[in-house]
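Survey of secondary and tertiary structure
Next come the chains, spelled out residue by residue.
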Amino acid sequence: MLNNLKKIKQKKLRVGRGIGSGKGKTSGRGVKGQKSRSGVAIKSFEGGQMPLYRRLPKRGFNIIGKKETGALNLAKIQSFIQSKKIKTTDKIDLAFLKKLKIVKKKFKRLKVLGKGEIKEKLNLEVDYLSNSAKAKLEKSGSNVKIINK
């Protein structure tokens, strides 16, 4: 069976070698125009159709799966309580903080961080809570509810 297999090698067609070869003169490139010239490649040209790189949306350096999370330190909450912007009886959550313009409207989640001290007993409803903030809030006797979305 191996005897029947023959090594087949086709010669490379040499273009531009006279009229009798069938690929002479213009070397099978047709006549004139951009494609007949050497060194010209029309990259990403799709014949007038909107090219792929323009059909796809621009992404840049924006992180696609980014979750908009607002951070708030205990020191900041304490300063708002002292300036009487927040009362200790209020339920502190994202909607409440957005209403008071403490947190920007773009944030969809809220995380409380443990920088600073808290003296009052609070009623918090947050998405995330740092370990240091949790320890300080438990020490002050605050009521903390973590929302799991």
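Located above this text is the structure these notes cover.
Procedures and definitions
Residues numbered from 1 in each chain as written. Predicted model: local features only at pLDDT ≥ 70, side-chain atom pairs only at ≥ 80, totals over all residues. Heavy atoms only, no water. Helix = DSSP H or I, 4+ residues; strand = E, 2+ residues; numbered from the N terminus. Polar contact = N/O pair within 3.5 Å; in protein donor to acceptor, adjacent residues only side chain to side chain. Pairing = 2+ DSSP bridges. Contact = heavy atoms within 4.5 Å. Axes fitted to C-alpha atoms, helices over the stretch in contact; angles between N-to-C directions. Salt bridge = Lys/Arg side-chain N within 4 Å of Asp/Glu carboxyl O. Buried < 20%, exposed > 50% of the residue type's maximum accessible area, 1.4 Å probe, protein only.

Tracing the chain through its elements places Asp 127 in the loop between strand E4 (123-126) and strand E5 (128-129). Of note is the side chain of Asp 127, whose polar atom sits 2.8 Å from the backbone nitrogen of Leu 110.

The next point concerns the sheet that holds E5. Spatially, three strands are ordered E1-E3-E5 in an open sheet, and the strand pairing comes out parallel. Looking at which strands have only one partner, the edges of the open sheet turn out to be strand E1 (69-73) and E5. Pairing of E1 with strand E3 (residues 109-113) involves five bridges; the strand directions are parallel. Paired with Thr 69 across the two strands is Arg 109, which belongs to E3. Sheet strands touched by helix H2 (residues 74-82): E1 and E3. Its angle to E1, the strand with the most contacts, is close to 65°.

Mapping Leu 72 onto the fold places it in strand E1. Between the C-alpha atom of Leu 72 and that of Leu 52, which follows or precedes it by 20 residues, the distance is 43 Å. Sequence-distant contacts of Leu 72, defined by excluding residues within four places in its chain, comprise Ile 77, Leu 97, Ile 102, Leu 110, Lys 111, Val 112 and Leu 113.

With that out of the way, let us pick up the pairing of E3. The pairing of E3 with E5 spans two bridges and is parallel. In the strand pairing of E5, Lys 111 is matched with Tyr 128.

Enumeration over the complete set of coordinates arrives at three salt bridges. A salt bridge links Glu 46 to Arg 55, with the shortest nitrogen-to-oxygen separation between them at 3.2 Å. Residue Arg 55 is classed as partly exposed on the basis of its relative accessible area, which comes to 42%. Glu 125 is the partner of Lys 91 in a salt bridge, and the nearest nitrogen-oxygen pair spans 3.5 Å. Placement of the pair is Lys 91 in strand E2 (residues 91-92) and Glu 125 in strand E4, with a sequence separation of 34 residues. On the accessibility criterion, Lys 91 (40% relative accessible area) is partly exposed.

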